[in-house]
Amino acid sequence: MQQLFSYGTLQQSEVQLTTFDRHLSGQSDELVGFAQSMVEIDDPEVVRTSGKTHHSI
């Protein structure tokens with residue numbers, strides 16, 4: 001089985017459908033020693049799909 005660590009918009013149902021053509025199942029986890037910050041998105045298609053102009057990185 002392939003595994004994917006995702007955060008931010010990849011956890012959104014509509015983004016999963018657009019990206020993978022299905023909903024993903026998973027569980028909460030964390031990367032110790034790392035912190036999230038925000039980046040502005042200027043790609044209109046990404047903004048349309050996610051509904052957000054800023055994504056966590």
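Predicted model, so just to flag it, every value in this text is computed and none were measured. (Residues numbered from 1 in each chain as written. Predicted model: local features only at pLDDT ≥ 70, side-chain atom pairs only at ≥ 80, totals over all residues. Heavy atoms only, no water.)

A. Looking closely at the pattern of salt bridges. Going through the model one piece at a time under the given rule, you end up with 1 salt bridge. The residue R48 makes a salt bridge to E45 at a minimum N-O spacing of 2.6 Å. Taken together, the positions of R48 and E45, both in helix 2 (residues 44–50) and 3 residues apart, correspond to about one turn of that helix. Here R48 falls in the exposed class, since its relative accessible area comes to 57%. A residue is classified by how much of its surface remains accessible, and E45, at 42% relative accessible area, is partly exposed. (Salt bridge = Lys/Arg side-chain N within 4 Å of Asp/Glu carboxyl O. Helix = DSSP H or I, 4+ residues; strand = E, 2+ residues; numbered from the N terminus. Buried < 20%, exposed > 50% of the residue type's maximum accessible area, 1.4 Å probe, protein only.)

B. Here's a closer look at the side chain of Q12. Tracing the sequence through the fold places Q12 in the segment before helix 1 (13–20). What makes Q12 buried here is its relative accessible area of 16%. Dropping the residues within four chain positions of it, Q12 is found in contact with S50 and K52. (Contact = heavy atoms within 4.5 Å.)

C. Expanded view of the environment of K52. Its location among the elements puts K52 in the loop between helix 2 and strand 2 (54–56). The exposure class assigned to K52 is partly exposed, which follows from its relative accessible area of 40%. Separated by 27 residues in sequence, K52 and S25 place their C-alpha atoms 22 Å apart. Ignoring any residue separated from it by four or fewer positions in sequence, one finds K52 in contact with T9, Q12 and V47.

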